[in-house]
Amino acid sequence: MRAARWLRRTALVAGALAPALTPVAAGAQTAANAGTAYGLVAPAPPGFDRAAAQRGTETLLTHLIGLDTQNPPGHELLVARYLDSLLAPLPGVETTIVEIGGGRAHFVARLRAPRPSAKPVLIMAHMDVVGADTSKWKSPPFKATVRGGYLYGRGAIDDKGMLSAAVTAFEMLARRRDRLDRDVILLGTASEEGGDVGIAWLLQRRADLVNQAEFALNEGGRVRVEGGRVSTVDIQTTEKVYYAVTCTAHGPSGHGSVPLPDNALAALARAVARIHAWRPPVRLTETTRLYFGQLATIEPDTAVRAAMRTVATASDSAAIDRAAGVLSQNPLYNAVLRTGAALTLIHGGIRENVIPSEGKATFNVRIIPGEDIVAITRAIQHAASEPEVTCALDYPPAKAPPPSPVGTALYRAMERQAKVMAPNALVIPFLSTGATDGKDLRAIGIPTYGILPMPLPLEDELRMHGDNERVPVPALGWGTEYLYRVLRDVAERGAS
């Protein structure tokens, strides 16, 4: 299949979808005038067709959502083969499918610059998605559905939306290959949502495919929308470190007809309630201080603005704690300020008339880089305050990679192009609370920057991993243009 044939096909399919689109909430526009969505007034960059990008990204995302890659079991090979069919025929593009077995795979496409003078830039997105409870969705999660100006489907924002935008931007750059002075590597990963065959597996076995990159662009940041306009562009330069801590309660078993005072599940319930209420101390990093310092310049609430400035500049721990108390009323700010321990699993009992001798509760613990997870686990044990409940780390500690610097050509390009597309937005380095594949690249010395390029209001952002995941339709074209601009900025001679 030739690239031109693919573009014609995507245009036809997208054209069939277009009549179903209606205006998007919060002031965004329909796909037909997506070029002005979110206040975008800058002209399109050279080589970028906004209408084709909107159609192509939406069509590709529609298809990818229909490829069920919920993890487990993953089946990323479905997506890898499809992307290979689209990109392998393009001049100057080399593709590789790294098969793992059991339907799992990673995908790599490399756009070769004719005469490269700089190391490659890597752009990546994962091909697997989390599972979905179909009974809680208003439309089938693995069939893309356009409703009310939104495209619904599992993976719409995590992470097939970014993957679709990246592939479309990559294809448009391929048509300008003669202008490139560095290669562009596109990586679709497996097992990001859990498992042991993810990017770490790839780096152990086929590091040659990606380890030449000077820097990388991944998910993890945010383009946040307020009142239909982009308010901040949060570029992930570091992220919390992911752990699991399981608390196990023991007690005597017995017949349900004779209540026991030392019931294991009752002890577990008390411990879980205390850990849930536990608030770890504030841990500020350079990234966090800069983040809140810049947010303070646009915060309308006087008390919150003052708290942000205190957190950004103060050295007095009591003043910082008071300010953090104000900010922590916002769950997202609270998660950025300190380690988080979220109750995610509870197991106990075998029958309704049997008092069990054991119960377990698992906490998803995300620590600030540089913190000691062993000490955190001891603090969780202390917070539990139940002699028959033992809390333990599920797997060994790992060293957190260093933050990615803000002085690289890629970070500057992300900053510069964000300002072109959203001149009134703040561009801020960001510590993300979620784990991404970026940590593994940072660990081998590749500075990695996270961005979810589609502009999203908070309501839609919080649907990630939740029911009725969705993306505003015009956000797809905006996100594709942003990725194209950034990649062109760092990879094309004379671009800026």
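Keep in mind it's a predicted model, so treat the numbers as computed, not measured.

Caption draft 1: Spatial organisation of the packing of helix 8 (residues 302-313) against helix 9 (residues 317-327). As a packed pair, helix 8 and helix 9 sit with axes 8 Å apart at the nearest point and diverge in direction by 140 degrees. Classified by the interaxial angle, the pair formed by helix 8 and helix 9 is oblique. Our pair here, helix 8 against helix 9, has a crossing hand that is left-handed. Where helix 8 approaches helix 9, its residues Ala303, Val304, Ala307, Met308, Thr310 and Val311 are matched on the opposing element by Ala319, Ile320, Ala323, Ala324, Val326 and Leu327. Looking at the contact of helix 8 with helix 9, its residues break down into eleven nonpolar, one polar and no charged.

Caption draft 2: Representation of the sheet that holds strand 14 (residues 358-367) in the model. Here we have four strands laid out as an open sheet, ordered 12-14-10-15, and antiparallel in their pairing. What marks the edges here is a single partner per strand, and that holds for strand 12 (340-348) and strand 15 (389-393). Ignoring which end each strand starts from, the neighbouring axes of this sheet average 20 degrees apart. Two strands pair when backbone bridges link them, and strand 12 and strand 14 are joined in this way by eight bridges, in the antiparallel orientation. Residue isoleucine 346 lies in a different strand from strand 14, and its bridge partner there is alanine 361. Packed on one face of the sheet, helix 6 (residues 264-277) meets strand 10 (241-250), strand 12, strand 14 and strand 15 and runs near 15 degrees to strand 14. Helix 11 (residues 373-384) contacts strand 10, strand 14 and strand 15 of the sheet and is inclined by roughly 165 degrees relative to strand 15.

Caption draft 3: Up close: the sheet that holds strand 4 (residues 145-147). Ordered in space as 4-5-18, the three strands form an open sheet in which the pairing is antiparallel. Edge strands, defined here as strands with exactly one partner in the open sheet, are strand 4 and strand 18 (470-472). Neighbour to neighbour, the strand axes of the sheet diverge by 25 degrees on average, direction disregarded. Packed onto the sheet, helix 2 (residues 50-66) meets strand 4, strand 5 (150-152) and strand 18 and runs at close to 20 degrees relative to strand 5.

Caption draft 4: Structural context of unusual backbone geometry. Here the residue pair proline 72 and proline 73 is connected by a cis peptide bond, since its omega of 5 degrees sits within 30 degrees of zero. Relative to the elements of secondary structure, proline 73 occurs in the loop between helix 2 and helix 3 (77-87). Look at the link from aspartate 158 to aspartate 159: it is a cis peptide, with omega at 5 degrees. Note on placement: aspartate 159 falls in the loop between strand 5 and helix 4 (160-174). Positive phi outside glycine occurs at serine 191, with the angle close to 60 degrees. Within the element layout of this structure, serine 191 appears in the loop between strand 6 (184-189) and helix 5 (199-206). Although it is not a glycine, asparagine 468 sits at a positive phi angle of roughly 55 degrees. Within the secondary structure layout, asparagine 468 lies in the loop between helix 14 (458-461) and strand 18.

Caption draft 5: Summary view of the pattern of salt bridges. Counted under the stated rule, the structure contains 27 salt bridges. Of the charged contacts in the structure, one is a salt bridge between glutamate 76 and arginine 104, with a shortest N-O distance of 2.6 Å. Note that glutamate 76 is positioned in the loop between helix 2 and helix 3 and arginine 104 in strand 2 (residues 104-111), a separation of 28 residues in sequence. The pair formed by glutamate 76 and arginine 104 is uniform in burial state, with each residue classed as buried. Here aspartate 183 ties to arginine 110 by a salt bridge, and the two come within 2.9 Å at their closest N and O atoms. Of this pair, aspartate 183 sits in the loop between helix 4 and strand 6 while arginine 110 is found in strand 2, placing the two residues 73 residues apart along the sequence.

Caption draft 6: Examining the packing of helix 4 against helix 15 (residues 473-491) more closely. Viewed as axis vectors pointing N to C, helix 4 and helix 15 meet at an angle of 50 degrees, and their least axial separation amounts to 8 Å. In terms of axis orientation, helix 4 runs oblique to helix 15. In this structure, the crossing between helix 4 and helix 15 has a hand that is right-handed. Counting all contacts with helix 4, which are made through Met162, Ala165, Ala166, Thr168, Ala169, Met172 and Leu173, the residues of helix 15 involved are Gly479, Thr480, Leu483, Tyr484, Leu487 and Arg488. Split into classes, the residues belonging to the contact of helix 4 with helix 15 amount to nine nonpolar, three polar and one charged.

Caption draft 7: How the structure looks around the state of the cysteines. With the rule as written, the count across this model stands at one disulfide. Disulfide pairing is shown between cysteine 247 and cysteine 391; the S-S distance is 2.2 Å. Its S-S torsion of approximately 110 degrees makes the covalent link between cysteine 247 and cysteine 391 right-handed. Linking cysteine 247 in strand 10 with cysteine 391 in strand 15, this pair joins segments that are 144 residues apart in sequence. On the basis of relative accessible area, cysteine 391 is assigned to the buried category, the value being 9%.

Thresholds, definitions, all that
- Residues numbered from 1 in each chain as written.
- Predicted model: local features only at pLDDT ≥ 70, side-chain atom pairs only at ≥ 80, totals over all residues.
- Heavy atoms only, no water.
- Axes fitted to C-alpha atoms, helices over the stretch in contact; angles between N-to-C directions.
- Helix = DSSP H or I, 4+ residues; strand = E, 2+ residues; numbered from the N terminus.
- Parallel < 35°, antiparallel > 145°, perpendicular 65-115°, else oblique.
- Left-handed = near helix turned anticlockwise from the far one by under 90°.
- Contact = heavy atoms within 4.5 Å.
- Nonpolar A, V, L, I, M, F, W, Y, C, P; charged D, E, K, R; others polar.
- Pairing = 2+ DSSP bridges.
- Salt bridge = Lys/Arg side-chain N within 4 Å of Asp/Glu carboxyl O.
- Buried < 20%, exposed > 50% of the residue type's maximum accessible area, 1.4 Å probe, protein only.
- Disulfide = S-S within 2.5 Å.

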